[in-house]
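Listed below, chain by chain, are the residues.
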Amino acid sequence: MAGTITKRGAKHKTTPKTGAPHTSKKEANPMWGGQFASGPAEIMATINASIAFDKKLYAQDIGGSLAHCAMLAHCGILTRKEAAAITQGLKKIKQEIESGHFTFKESLEDIHMNIESRLAELIGDVAGKLHTARSRNDQVALDFRLFVRDALEKIDVQLQALQASLLARAEQYAVSIMPGFTHLQTAQPVTLGHHLMAYVEMFGRDRARVQSLRERMNESPLGSAALAGTSFPIDRVMTAKLLGFAHPMANSLDGVSDRDFALEFLSIASISAVHLSRLAEEFIIWSSAPFNFITLSDLYTSGSSIMPQKRNPDAAELVRGKTGRINGSLMALLMTMKGLPLAYNKDMQEDKEPVFDAFAQWQMVLSAMTGMIQDFTPNVKRMHALAAEGYSTATDLADWLVRTLKMPFRNAHHATAKIVKKAADKKCLLPDLALADMQSVEPRITKAVYGVLTVEQSVASRTSFGGTAPVRVKEAIKAAKAKYL
């Protein structure tokens, strides 16, 4: 017996074997011409439409159309009167969209056809001439490329703002000592300024990737038409320059099918999100009670519905959590593109939502992290106290044995390990261990060894380029300001 599918109170008969809805006759899309006598099935109309998300590209679409119109007029394909009417109509449509008076229609599928249809309502049949020597394939490739180019410029500004915040705090705490970790175990003392400067460098690499992609993708697909170019005498160099591109893309097939720029955008976003997540993780650990290295204010924390004492680092946790979402967008588009033959395929309609979402999330976490960097208060005394624990200056002792006693480093390493064990057995720090105890391991040790065993002495001694010595940290901050700000 045939079943029914109910949607919004309506019932449709279904086939006995598959349960699939019968296709009711609908009016054909007026943009398709005479080949289609009826409209699509309801599910086809739903799955095929992209206007719900690609309306975000309205400004890019209108900008591309204005450039295309100017070129067509320049090449004599449109008259000046026709071009003027189209230009005026497109500008009016942009005003309607931005003022909220434009009606987007799902039946017209996408932003391109919504704008073209409205243009026809405004200026009549001459609107149809705008699509001369152009396809939706190169049109959407252009719009999407313009969007990503704009997004990269906005992200670069945000990354720079984050770097500026990190540099300001690094300068503030260039001499403040904290434990440095490997394996999350106390390793060697460093300064908080040095630690923060590591992230300045990470985000600097993100910016380099952003800027490199901005330069590499700056070529125009417009004029590739559907896939093979066009027989009309167009000027692709003109439209490229009008739209701020360096030059047109060299191959029309590649022009309509390339989405490398979107994949690269998501790849850069994913790497940057990982950097943000690592910093967020440190803030989460540092603000926990066992560490108590930093405090985040009410602006970036929340409480508990049951435990009144709690202050949860929710902003940092959400930065960490959204990294999975951004990385997922990259995986989604990689899977979409991996098996597509040239040139355009409808699968590529799935390229925009991952980029739109990743861009929005990336902007959000950059803003949140910049705010937290400006907001956090370090517990300098606590950091300093823990920097001395865990025998963090053991390497300094080994280095002293090498420099002063000319011991091979491996021998010095073994001797230091024995001295550390003696200190652990006596439950004291290395600077507090008696000279006699050290000499029981290596008789040649003198009291001069105490000149390298405090955390202040350790940090000050790390003067190699890129090291944690305050003098080097201050130099690094100055260089980074000149490079990045």
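Remember, it's a predicted structure, so these values are computed and weren't measured experimentally.

Cut-off values and rules
Numbers given to residues run from 1 along each chain, matching the order in which its sequence is written. Note on the predicted model: pLDDT of at least 70 is required for a residue's local features to be given, and 80 or more for side-chain atom pairs to be given and counted; whole-chain, interface and lining totals, by contrast, use all residues. Calculated side-chain values reflect all of the structure's heavy atoms, with hydrogen atoms and water omitted. Put simply, DSSP marks the helices as runs of H or I at least four residues long and the strands as runs of E at least two long, and each gets a number from the N terminus on. For every residue, the accessible area obtained with a 1.4 Å probe (protein chains only) is divided by the maximum for its type, and the residue is called buried under 20%, exposed over 50%, and partly exposed between those limits. Residues counted as positive are Lys and Arg, residues counted as negative are Asp and Glu, and His and the chain ends are not counted. Within this document, salt bridges are pairs made up of a side-chain nitrogen of Lys or Arg and a carboxyl oxygen of Asp or Glu, the two lying within 4 Å of each other. In this analysis, two residues are considered to be in contact whenever any of their non-hydrogen atoms come within 4.5 Å of each other. The criterion for an aromatic pair is that two Phe, Tyr or Trp rings (for Trp, the six-membered ring) have centres within 6.5 Å, with stacked assigned to planes under 30 degrees apart, edge-to-face to planes over 60 apart and tilted to the rest. To estimate the expected span of a helix, count its residues, drop one, and scale the result by 1.5 Å. Scored from 0 to 100, pLDDT reflects the predictor's confidence in each residue.

**A few points about the side chain of Lys322**
Counting through the fold element by element, Lys322 comes out in helix H11 (residues 314-337). As a buried residue without a salt bridge, Lys322 has its nearest oppositely charged side chain in Asp357, at a separation of 7.4 Å. Ignoring anything within four residues of it in the chain, the contact list for Lys322 reads Gln361, Met364 and Val365.

**Re the packing of aromatic side chains**
Counted according to the given criterion, the structure contains 13 aromatic pairs. Geometrically, the ring pair formed by Phe147 and Phe359 is edge-to-face, given 5.8 Å between the ring centres and 90° between the ring planes. Of this pair, Phe147 sits in helix H6 (residues 136-172) while Phe359 sits in helix H12 (residues 352-375), and the two are 212 residues apart along the sequence. Between Phe291 and Phe293, the ring centres sit 5.2 Å apart and the planes meet at 80°, which makes this aromatic pair edge-to-face. You can call Phe293 buried: its relative accessible area is 0%.

**A short note on H11**
The terminal C-alpha atoms of H11 lie 35 Å apart, and with 24 residues this matches the ideal 34 Å at 1.5 Å per residue to within 8%. Residues Ala315, Ala316, Val319, Lys322, Thr323, Ile326, Ser329, Leu330, Leu333, Thr336 and Met337 constitute the buried set of H11.

**Comments concerning the confidence of the model for the protein chain**
A residue-level look at the protein chain finds 93% of positions with pLDDT of 70 or above and a mean pLDDT of 93. In this model, residues 1-25 is a region of pLDDT below 50 whose contacts with residues beyond four sequence positions or in other chains number 27 contacts.

**Digging into the pattern of salt bridges**
Scanning all chains against the criterion turns up 24 salt bridges. A salt bridge links Asp258 to Arg145, with the nearest nitrogen and oxygen atoms 2.6 Å apart. With Asp258 in the loop between helix H9 (252-257) and helix H10 (260-286) and Arg145 in helix H6, the pair connects residues that are 113 residues apart, well separated along the chain. Overall, the relative accessible area of 10% leaves Asp258 in the buried class. Two residues, Glu264 and Arg216, come together in a salt bridge whose shortest N-O distance is 2.4 Å. In this pair, Glu264 is assigned in helix H10 and Arg216 in helix H7 (residues 192-216), connecting sequence segments 48 residues apart. The network of salt bridges with shared partners includes Lys92, Glu96, Lys105, Arg118 and Glu121.

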